[in-house]
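# Secondary and tertiary structure notes
Okay, here's what each chain looks like letter by letter:
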Amino acid sequence: MTPREEELIEQNELLRRENALLRQKIDLLVKRVFGSSSEQLDPAQMQLLLQGQESIPPVADVPPVAAPKAKPAKPSEGQSKPRLPENLPVVEEVIDPDAVKAEPQAWRYIGQEVTEQLDYEPGRFLRRRTIRRKYVHKLDHDRAPVVAPLPESLQERGLAAPGLLAHVLVSKYCDHLPLYRQEQMYRQRHGIALPRQTLARWVELAADWLRSIYDHIRTGVLAGGYVQVDETPIQFLEPGHGKTRQGYFWTCSRPGGDVVFRWETSRGTQCLNHLIPVDFRGVIQCDGYSAYRAFADSRKGAIQLTGCWAHVRRKIHDALEQSPRTAAWLLAQIQQIYQVEATLRAHRAGPQLRAAVRSSHSRPVVQRFERALIRLRSSHRHLPQSLLGQAIDYALGQWPTLTVFLENGRLEIDNNLVENAIRPTAVGKKNWLFVGEAGAGQRGAIIYTIIQTCRRRSIDPYAYLRDVLSRLPRMTNHQIPQITPEAWAKSHRPSQKAA
């Protein structure tokens, strides 16, 4: 074989590998766009994929994990919940037979049959008129007339009452209705002309008043020494050019507590300096984005990073079709770790018990998982550019942070809580596409913080915003802790229903 032929064969092999890698990327893209987003695997499917597996050693014995307690049986028919909530207002309609109506004195009432239906009346606008009556003194005719002072409001001579402002905010940031759609609905269904520019000014007005509550929530989220951080891209309109640029909502969540959003026009390390105060000492849970490591290094030991096993599982799951047996074995190991966490949640284990159980049950699985990853990478059976090769490199690159949860029972195994907090913004931007301009991004961050914190506290966001926007003009900064979602939930707990 001539050198030219050998060169052609080598080039052909490189092109074949490149084509295979590109096909994997295309298949993954199609799956993400059109396929199911669930990472769950049927146990029977897992066993089928693992049959005949030789490249990875069989699972070694580990201490058994107690199964979660079975859910209590459903109550019997006599104890079942009513079909309709008892607190709903009732509108009664009494229907008598025609024969009774014709001759009522000939009939005696002996009982009734009741049929209930759930009905709905669309929301309505109303004119809230404040009448301040003037008086003059009957005897002292020289005394000036008296009139009660106008109650303080969010804006002098403002048209929008707190209930309408709350409705506009919840419609956009909770129900994902853009302002232009709200404008159409108000005009077509209610005959009320509210231009989109007016609605935007009202959103700005409400965000400015809610900023003090936002600052208090942010302080509380960062006070515990352990937060989860993530970011999501959001387009914003660049003034004067009619084009959009990419900004980011940075989200900081305290597991078991509140969540806070912050708007930034970039994704750089300096954004974390704006989100995390200089005096913060503790643990930040995040994905493998390099800005987090650079930020932790800049704080010189004050911050410890802990990783996210969900990101590792997600990348291995993406490689399941291209490397079914190896990926399935790796996913089975991660599934064992998550089974331990499910058991701990079912028993409501505290930090000390979680750390002890993780050390005895999860650590052997984690160690075996690491050995398998090292063996797979050294075998060179999977190209670094392949989906499984990238998943292996990601996991080993993040390994020091992925094992931190074994030592600290306070920490979660993944970043799913903060990702769940971000999810409503992803749904919203599919409707409103972009924020108006860079300044509007932070106003959106303030309102998202309030609404998502309400949802975490099982508070109706509309009820909270309507009440708080009514009270804020009469309050001082020292009274703000009394109207945070946490304090509001405690004071309204007997009557507040879950959102």
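Residues numbered from 1 in each chain as written. Predicted model: local features only at pLDDT ≥ 70, side-chain atom pairs only at ≥ 80, totals over all residues. Heavy atoms only, no water.

### Focus on the overall build of the protein
Of regular secondary structure, the protein possesses 17 helices and 8 strands. Here the protein holds 499 residues, and the buried ones make up 37% of them. Of the contacts made within the protein by residues no fewer than 6 positions apart, 68% connect residues no fewer than 24 positions apart. Summed over its atoms, the accessible surface of the protein is roughly 31400 Å², and 51% of this surface lies on carbon and sulfur atoms. (Helix = DSSP H or I, 4+ residues; strand = E, 2+ residues; numbered from the N terminus. Buried < 20%, exposed > 50% of the residue type's maximum accessible area, 1.4 Å probe, protein only. Contact = heavy atoms within 4.5 Å. Areas by Shrake-Rupley, 256 points an atom, 1.4 Å probe, with all protein chains shown as cover.)

### Considering the confidence of the model for the protein
Considering every residue of the protein, the mean pLDDT works out to 84; 86% of them sit at 70 or more. This model gives residues 57-65 a pLDDT under 50, and the stretch forms 19 contacts once residues within four places in sequence are excluded. (pLDDT = per-residue confidence, 0-100.)

### Details of helix 16 (residues 461-471)
Those residues of helix 16 that fall on the buried side of the exposure criterion are Pro461, Tyr464, Leu465, Val468 and Leu469. The arc enclosing the buried residues of helix 16, seen along the axis, measures out at 115°, which places them on a common side. (Arc of directions from axis to C-beta.)

### Describing the state of the cysteines
Under the counting rule described, the total for this entry stands at 0 disulfides. Cys174 supplies the cysteine sulfur nearest to Cys454, a cysteine that is in no disulfide, at a spacing of 9.2 Å. Classification of Cys454 by relative accessible area gives buried; the value is 1%. (Disulfide = S-S within 2.5 Å.)

### Description of the pattern of salt bridges
Considering all chains together, one arrives at 14 salt bridges under this definition. The residue Arg314 makes a salt bridge to Glu419 at a minimum N-O spacing of 3.4 Å. Of the two residues, Arg314 sits in helix 9 (residues 309-318) while Glu419 sits in helix 14 (residues 416-432), which places them 105 residues apart along the sequence. Judged by its relative accessible area of 16%, Glu419 is buried. Glu486 serves as the salt-bridge partner of Lys490, at 3.9 Å between the closest nitrogen and oxygen. One end of the pair, Lys490, and the other, Glu486, are both in helix 17 (residues 485-492), 4 residues apart, so they sit about a helical turn from each other. Overall, the relative accessible area of 53% leaves Lys490 in the exposed class. Three or more residues joined by partner-sharing salt bridges are found here, namely Asp258, Arg457, Glu486 and Lys490. (Salt bridge = Lys/Arg side-chain N within 4 Å of Asp/Glu carboxyl O.)

### Some thoughts on the packing of helix 9 against helix 10 (residues 324-346)
Two elements in contact, helix 9 and helix 10, have axes separated by 9 Å at closest approach and are oriented at 155°. With respect to their mutual orientation, helix 9 and helix 10 come out roughly antiparallel. Crossing handedness for the pair helix 9 and helix 10: left-handed. The residues of helix 10 that touch helix 9, namely those facing Trp309, Ala310, Val312, Arg313, Ile316 and His317, are Ala327, Leu330, Leu331, Ile334, Ile337 and Tyr338. Taken together, the residues of the contact of helix 9 with helix 10 sort by class into 10 nonpolar, 1 polar and 1 charged. (Axes fitted to C-alpha atoms, helices over the stretch in contact; angles between N-to-C directions. Parallel < 35°, antiparallel > 145°, perpendicular 65-115°, else oblique. Left-handed = near helix turned anticlockwise from the far one by under 90°. Nonpolar A, V, L, I, M, F, W, Y, C, P; charged D, E, K, R; others polar.)

### Side note on unusual backbone geometry
Notably, His176 is not glycine yet its phi reads approximately 65°, a positive angle. Of note in this structure, Lys300 is not a glycine but carries a positive phi near 55°. Counting through the fold element by element, Lys300 comes out in the loop between helix 8 (290-298) and strand 7 (303-306).

### Observations regarding the nonpolar core
Ranked by size, the top nonpolar core spans 70 residues in total, and within it Leu210, Ile213, Val229, Cys252, Ile284, Tyr464 and Leu465 carry the most contacts. For this core, the leading source of residues is helix 6 (residues 196-221), giving 11 residues. Residues contacting Ile213, with those up to four places away along its chain left out, are Ile450, Tyr464, Val468, Leu472, Ile480, Ile483, Thr484 and Pro485. One finds Ile334, Ala372, Ala395 and Leu406 within the second-largest nonpolar core, a separate group that totals 37 residues. (Core = buried A, V, L, I, M, F, W, Y, C linked by side-chain atoms within 4.5 Å.)

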